[in-house]
Structure formats: C-alpha cells, structure tokens
Amino acid sequence: AHPRFLGTHIHNARAINSSYDYIIVGGGTSGLTVANRLTEDPKVNVLVLEAGLMDQGETYFSEPSLAGGAVGTKYDWNVTGVANPQLNNRSVTLPLGKVVGGSSMLNRMVFDRGSKADYDMWRDLGNPGWGFDDLLPYFIKDLFTQASHDGFGLLLRTSVMRSPVWASRSRMMGANISSGSAYGFFWGPTSLDPSKETRSSARSGPYEVAKNRTNFHLLSSQQVTKLILDSSGPEIKIEGVEFKSSSSAPVQTVTANKEVILAAGSIHTAALLQLSGIGDAAVLSKLDQTVALDLPGVGNNFHDHQYVVLAYTAANLSLSTANLTTNATFAAEAQAEYENDATGPLTTTGTSAMAFLPLSSYAKNSSSAILSAISAAPANVSLSTAAPPSVVQGHMAQRSLYSKFLAAQDAASMEYIWSDPSLLIALVKPLSRGSVTITTLDPFVQPAVDWRALSDPADLQMLNAGIEFGRALYGTSALKVLEATEAMPGLATSAESYVRDTLATIYHPAGTCSMLPKDLGGVVDVDLKVYGVSNLRIVDASIMPVLPATHTSSTVYAVAEKVSFYSKPLTFFFGVL
Ligand SMILES: Cc1cc2nc3c(=O)[nH]c(=O)nc-3n(C[C@H](O)[C@H](O)[C@H](O)COP(=O)(O)OP(=O)(O)OC[C@H]3O[C@@H](n4cnc5c(N)ncnc54)[C@H](O)[C@@H]3O)c2cc1C
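Residues numbered from 1 in each chain as written. Predicted model: local features only at pLDDT ≥ 70, side-chain atom pairs only at ≥ 80, totals over all residues. Heavy atoms only, no water.

### Quick look at unusual backbone geometry
Logical step 1: Between D420 and the following residue, P421, the backbone shows a cis peptide bond with an omega angle of 5 degrees.
Logical step 2: For P421, the location among the structural elements is in the loop between β17 (414–419) and β18 (422–427). (Helix = DSSP H or I, 4+ residues; strand = E, 2+ residues; numbered from the N terminus.)

Given below as structure tokens:
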C-alpha cells in the first residue's frame, strides 16, 4: 500500500493512496468541476489523474488578449484529424487542453449559452430532465455560487469594447442570451474574473476552491491508459485504473471504492473506453482487442462546430485589434494600462461581438431548398458505411428534430464573430457525423479523429448561404462606413471551393459518448452512467448528443454541476439559484 499523503497536487505518483472513493480521469473543465463538488463532503475522497502538466503561470493563461496562446504548445494534445476527402484531403488540427484546467485554459473565453431549443432537443431525443429549464439552474450555478443580474455569475462579465463599429451600430435584436433566447446580435460574455480582468477557468475556479482539502488529490503528468474491469457479475464493475507518466514508464494502478468518472474530453474519453475493451465490437475485434462490452455508440456521433473566415481590409477603421501589433506606442500604452489598472484593450479577447442567426435570417432565399434537401436525403447520408445500426437510428432521430429546429425562428444554426474588420462564420448546427477510433492498443498513439465534415451536403449549403449573408452585412449602412474590401475568398473564388480549402474546427468536439437511449447509439443514460457498467460515469463534452448553437464551455460546466448532484452520496442539495 502507498503511504497516505495529505497534500493536494501530488508530484510523486508513489505518494498517492492505494484507493479512493472516486477516481476522476482528466483534470480539465468538467473533471475539476466534479472534483470540487464531490470533495465538499469531507467523508469522500477523490483522486484526479491528469495527463498534462500544471501550468507555470504563463501570461497566455491569464491575459484575455492572449487567450488561445497555449494552442500548439506543450499544453496542447496537438491532435490532427484524418485526411478528409470533402476538404480536398486536408487534415484539420484540433487543439485540446493538456494541462490542469484542460481546454478551459486554452479557450477563447467566450462564455455563452445556447437557446432553449438547443437543450430541449437533448430532452426530446429521449433524455428526460435535460431540457433548457432543467439545465438552467446549473448554468446559473456554474463554477460560481453568486449569481449577478445577468445570470452569468459574479466572476464573469464582458469588458471594454474593442470593436466599436460592430458593437455600437449592430442592431440589438432583443436577444436574452442568458435565459434561452440566444439568437440575434449580442456582445458575448467572457469567462473573466472582473476584479483582476484575468481568465476564469477550471484551474482558477474549482481547483483553487478545492485544492487545500485533504480529501482531494490531484496527480498531474499521468495518463490513464486503461480501466481495470471486473466482468464476473451481470454488469461490469470498474475496479480501478492503470496509468503511466510516459510510454516507457512502468504501469501503476489505483483502486476505486465507489466510481470512476471519465472527464478526459470528447476524443480521449472515447479512446480510453476502446482501450479498455468497451466499444463497437466490430471495431475492437479488428484490433484483436478483447471485447468486454459491445457498446456501438462509443466514438460515433462525433461532430464539431466549423468555421471559415470572410477576410476584409478596411480603409476607414481608426481603432482596431491590429493596432496592437502594428502600432508600438499604442501596444505599449495598452500593456501599461492593463498592468497598472487592469483596463483597456488587453482586457478583451477581441472576439466578443457576435451574432447567432436562424436559417431563415441568413439564408432568406435558400432556406426552403435547404430544408427540402435535408428531408429528401437518405437518413444516413452523412454517416460512414461502417456506422452501427443503433448509431444510424440515433442519427435518424436527430435529423427529424433538426428539420424542426432549422425551420424555427428562435433557434440559431450560423454564428458570426466580428474580428475587425473581418468576420468568422461558423456552422453551429452541422448534420455531418464522424468518429473517433483507436488504431492500435498503444494508449500513447493518438486515435483516428475522422471529422467527416461536409459529408452531409446540407452543411455546405448552409455555409454557402452564411458567406453570402456575411458579405451582405458589409453593404449595410452600419458597416459601409468601414469602406471595406473583401480579401478572402474574393469574388473570383467560389464560396464552395473556399469552404473546402479552409474550413476548420472552432474547437467544440462533442458527441462521442452520447447521452441517448442505448438503441439510438447512446453510451450513457440520463444519470450519465455508462450502459452495462455499474460504477462508471462520463461527465465531459462527449456526452452532448447534439452540439448546442453556442460555445461549449459553459454547457460543459453546467453538465458537470448537474451530474455532481447525482454522484454525491448522502449529501443534501440545497438548491442552486
Ligand atoms: C483552442 C480552444 C478554444 C476554445 N474556445 C472556446 C470559447 O471561446 N468558449 C467556449 O465556451 N468554449 C471554447 N472551447 C471549448 C471548451 O473549452 C471545451 O468544450 C471544454 O473546455 C471541454 O471540457 P471537457 O471537460 O470536455 O474537456 P477538457 O477541458 O479538454 O478536459 C479534458 C482533460 O482530460 C485530460 N486527459 C485526456 N486524456 C487523459 C487520460 N487518458 N488520462 C488523464 N488525463 C487525460 C486532458 O489533458 C484534459 O486536461 C475552446 C476549446 C479550445 C481547445
């Protein structure tokens, strides 16, 4: 047995206990949120195993204007997807946090929620208790216990507007983004501590709150490589996990007295299940993996938000983000202002002015044709031929709800982010579905991430319409003052070829362990327990059956808050508002 260690962040793997009530795999956004809630009960002890490092206080983890600076560094898994024929055989890179705090440390800090229709779709797919009204208390709870007037929590707010043209002249369309009407133009909130104007993350929030509790241990730089299964009973039981600091390091083990909770994110949670013999038997057998549990949904239903840039130059833009790189005096003043007073342009990420629009708004002329094409297409049009029957059934159920969703006026499918003087245009309700699959039993080889973007032709049609609408915005009186010229794609290039050449992820992978009925390709039930396993839950972005039309972090926190309540043994729940 290991000697008992009464610390929190443990640097020596030998210093942990031999068993814990709960073992959480992944110390990211969802994992740390659940760890914080579980360790509120001093009788419960929790170990978080995190593959990444603890940060060293780098400025890109705190200053809003440097948000995303950790992408491509040692704090990023640096995953590359498989070549996609629909994208002219390009492989798209997918940044993912590999650090204590996970992707909440790498993200661009937009902190919004989807519309009522987004989460009601989750409920209507066979998940009672997961509609917008059910989730709202957990959105409000988030990391932070005290709600402010806008419902986004005291530690979160927006700051100085660095895009005055868009922000002041875009017509505010009355969007009430915190209570289920997340469509129209708005100034997006950011996850930001207003007392210091620094990033709020799972590291600065739940980790800081929980870190001095003696019942909370976090072991970083240790990758969980396998779940240890006991298959002797009617349901599989997870006895514990194996972990290693590197491919060549010795395997270590730790035992779970109650539950193992997977929070390794949409790519690695699915891969870890497959490495442990839980997944689509057809896929596992090909790898000579012993099939402990045939659960075809694992790794399927993978989807992500995706964007292109409509790039402009502007003759009449006096103040812009670019001044920070092109004007040394301006940049020095901004830096001094931030350091001395925590004010000024460096308090923003530069991408807070945004619009989420329904199909009928951005595709006025083509929305009927797009809806008809979706209805007429074979239900499995976007799926691989290898998709298991239950996954096909689940996709059919999604598509029938999509048709209603896309026809609605109060549900968005396209996002516009102002990045002066250009626009990022993101498809936030894609129909195409891909997969995440291990290709070897070596846990240090990244799984194949097959995005299959644009495999459903309707996605391309929506993006084409989205680009046309974006162009039209520059002709409105609000934006005409910029005297802007389109730089990319430029009128000589067709929108379609531009999309195929440049479409990229906007960093919201989801769906690979969907919360759905099992016969619809589900992996977890409404308590987020894995089907067929008595003590295994999944709490990360992989459980989203359909991506909401919003940036995902606030939804990830809300899901983790909701499941913490289910997980908590013998504790009382006092309400969340
Ligand atoms: C570059 C970028 C920009 C983004 N921008 C925004 C934004 O502006 N707004 C927004 O709302 N959302 C944004 N997101 C998305 C959002 O941050 C994620 O949806 C969310 O953080 C995912 O939370 P998670 O708990 O599912 O996974 P993560 O937070 O990624 O946590 C997973 C953790 O598990 C660890 N792990 C993985 N495998 C193992 C293993 N085998 N053993 C041990 N540990 C393991 C990882 O290292 C990681 O720390 C962005 C994401 C990225 C990457």
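We are not done yet, so read on.
### Description of the pairing of strand β10 (residues 223–230)
Logical step 1: Pairing between β10 and strand β11 (residues 237–244): seven bridges, direction antiparallel. Paired with I228 across the two strands is G240, which belongs to β11.
Logical step 2: What sits between the antiparallel neighbours β10 and β11 is a turn of six residues. (Pairing = 2+ DSSP bridges.)

### Some details on the pattern of salt bridges
Logical step 1: Inspection of every chain in the model, using the stated rule, returns 16 salt bridges.
Logical step 2: Between D21 and K258 there is a salt bridge whose closest N-O contact spans 4.0 Å. You can see D21 sitting in strand β2 (residues 19–25) and its partner K258 sitting in strand β12 (residues 252–262), a full 237 residues away along the chain.
Logical step 3: Judged by its relative accessible area of 37%, K258 is partly exposed.
Logical step 4: For E208, the salt bridge is made with R203, and the minimal N-O distance between the two is 2.9 Å.
Logical step 5: Judged by relative accessible area, which is 18%, R203 ranks as buried.
Logical step 6: Salt bridges here are not isolated pairs; linked through shared partners, they connect D55, R203, E208 and K211. (Salt bridge = Lys/Arg side-chain N within 4 Å of Asp/Glu carboxyl O. Buried < 20%, exposed > 50% of the residue type's maximum accessible area, 1.4 Å probe, protein only.)

### As for the site of the ligand
Logical step 1: In the vicinity of the ligand there are 37 residues, among which T29, S30, E50, S103 and S553 approach most closely.
Logical step 2: One of the backbone N or O atoms of V110 is found 2.8 Å from a nitrogen atom in the ligand.
Logical step 3: Between the ligand and S553, the relevant distance is 2.6 Å, taken from an oxygen atom to a side-chain nitrogen or oxygen of the residue.
Logical step 4: Summarising the interface, the protein chains cover 97% of the accessible area of the ligand, which totals 1,000 Å² for the free molecule. (Near = heavy atom within 4 Å. Polar contact = N/O pair within 3.5 Å; in protein donor to acceptor, adjacent residues only side chain to side chain. Areas by Shrake-Rupley, 256 points an atom, 1.4 Å probe, with all protein chains shown as cover.)

### Observations regarding the confidence of the model for the protein
Caution applies to low-pLDDT regions: their predicted coordinates should not be interpreted in detail.
Logical step 1: Taken over all residues, the pLDDT of the protein has a mean of 89, while the share at 70 or more is 90%.
Logical step 2: Scored below 50 in pLDDT, residues 569–577 shows 11 contacts in the model against residues more than four places distant or in partner chains. (pLDDT = per-residue confidence, 0-100. Contact = heavy atoms within 4.5 Å.)

### Quick notes on the environment of K562
Logical step 1: Counting through the fold element by element, K562 comes out in helix α16 (residues 553–567).
Logical step 2: Sequence separation of K562 and E483 is 79 residues, and the distance between their C-alpha atoms is 48 Å.
Logical step 3: If sequence neighbours within four positions are ignored, K562 has contacts with G129, W130, L135 and Y138.

### Topic: the nonpolar core
Logical step 1: Counting 135 residues, the largest nonpolar core has V241, V260, L273, Y362 and L536 as its most contacted members.
Logical step 2: Looking at this core element by element, the count peaks at eight residues for helix α13 (residues 457–473).
Logical step 3: With near-sequence residues (within four places) excluded, L536 lies in contact with L227, I238, V260, L262, L273, I278, L528, K529 and V530.
Logical step 4: Counting residues in each nonpolar core, the second largest holds 15 residues, with I177, Y307, F356 and A412 among its members. (Core = buried A, V, L, I, M, F, W, Y, C linked by side-chain atoms within 4.5 Å.)

### Some details on the pairing of strand β3 (residues 46–49)
Working note: regular strand, side chains alternate between the two faces of the sheet.
Logical step 1: Residues V46 and V48 point to one face of β3 and L47 and L49 to the other, with burial holding for every one of them.
Logical step 2: In terms of strand pairing, β2 meets β3 through four bridges, oriented parallel. Bridging across to β3, V25 finds its partner in L49.
Logical step 3: Following the chain from β2 across helix α1 (residues 29–38) to the adjacent parallel β3, one finds a crossover that is right-handed.
Logical step 4: Bridge count for β3 against strand β9 (residues 216–219) is four bridges, and the pairing is parallel. The partner of L47 across the bridge, within β9, is H217. (Right-handed = clockwise from strand over helix to strand, strands pointing away.)

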